Amino acid sequence: MDSRSLLRNAVAALIAATVTGGGSGVAWAGEWTALDQTGETAQTGETAQTGETGQTGEAERTAESVRPVTHLGVWTTRAAAQPPRFRRAPAKIRSKAYAFRLVTRRTWSGQQFQCLDSLWTRESNWDHRAYNQGSGAYGIPQALPGHKMGYAGNDWRFNPQTQIRWGLRYIKGRYGSPCGAWGHFRSHNWY
């Protein structure tokens, strides 16, 4: 059977059910069962061979020969679709990303950032509120005393970007590069 015959039979069954009020008028293919003239059931779209015509015609189907599918229930919910929530990256990750941008702007290599990451991970673990009670060092670069970072910005106590800018200036002026500072730290345990 070709696709046109299947479509015609499905539409005919749908129209017959709708006109007679036998259901909602909506069904999926294969859900309607029809009786052909010989009394045997056939799925919509299947061909039932009869006498001379060779196919059951659309006019031969009657409202009694179509049995609609009964829907048992409809699921509903009050929940509304929520847009996806994007969590803000932790402060440590944001600080590292900012430092990486500044390191690459200075045309230092990726190796220099790795040295800087090792250095500041050992010093403060990239915590902009890190405070060393023994020495009084403060922030990501562990500036001693902490108020030295004030010339990079008045918000040095709570802004990691200000601390990073100050720390990179300090490293460049004193050691030339982050790897120079990291080398000094490994040999003296301070920078």
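Residues numbered from 1 in each chain as written. Predicted model: local features only at pLDDT ≥ 70, side-chain atom pairs only at ≥ 80, totals over all residues. Heavy atoms only, no water.

Caption draft 1: Layout of the nonpolar core. L116, W120, I164 and Y191 are the most contacted members of the largest nonpolar core, which has 27 residues in total. Secondary structure elements with two or more residues in this core: α2 (91-105), α3 (110-123), α4 (160-175) and α5 (178-188). The element that contributes the greatest number of residues to this core is α4, accounting for six residues. W120 has contacts with N125, W126, I140, P141, I164, G167, L168, I171 and Y191, leaving out every residue within four places of it along the chain. (Core = buried A, V, L, I, M, F, W, Y, C linked by side-chain atoms within 4.5 Å. Buried < 20%, exposed > 50% of the residue type's maximum accessible area, 1.4 Å probe, protein only. Helix = DSSP H or I, 4+ residues; strand = E, 2+ residues; numbered from the N terminus. Contact = heavy atoms within 4.5 Å.)

Caption draft 2: Representation of α5 in the model. Within α5 the residues assigned to the buried category are P178, A181, W182, H184 and F185. The buried residues of α5 all sit within an arc of 160° when viewed along its axis, so they share a single face. In this structure, α5 carries R186 and S187 as exposed residues pointing more than 90 degrees from its buried face. Buried positions along α5 lie against α3 and α4. Within two residues after α5, N189 carries a phi angle of roughly 65°, on the positive side. (Arc of directions from axis to C-beta.)

Caption draft 3: Main features of the pattern of salt bridges. Applying the stated criterion across every chain, the model contains two salt bridges. Here R129 and D127 are joined by a salt bridge, their closest N and O atoms 3.7 Å apart. Given the relative accessible area of 59%, R129 is considered exposed. Classification of D127 as partly exposed rests on a relative accessible area of 29%. (Salt bridge = Lys/Arg side-chain N within 4 Å of Asp/Glu carboxyl O.)

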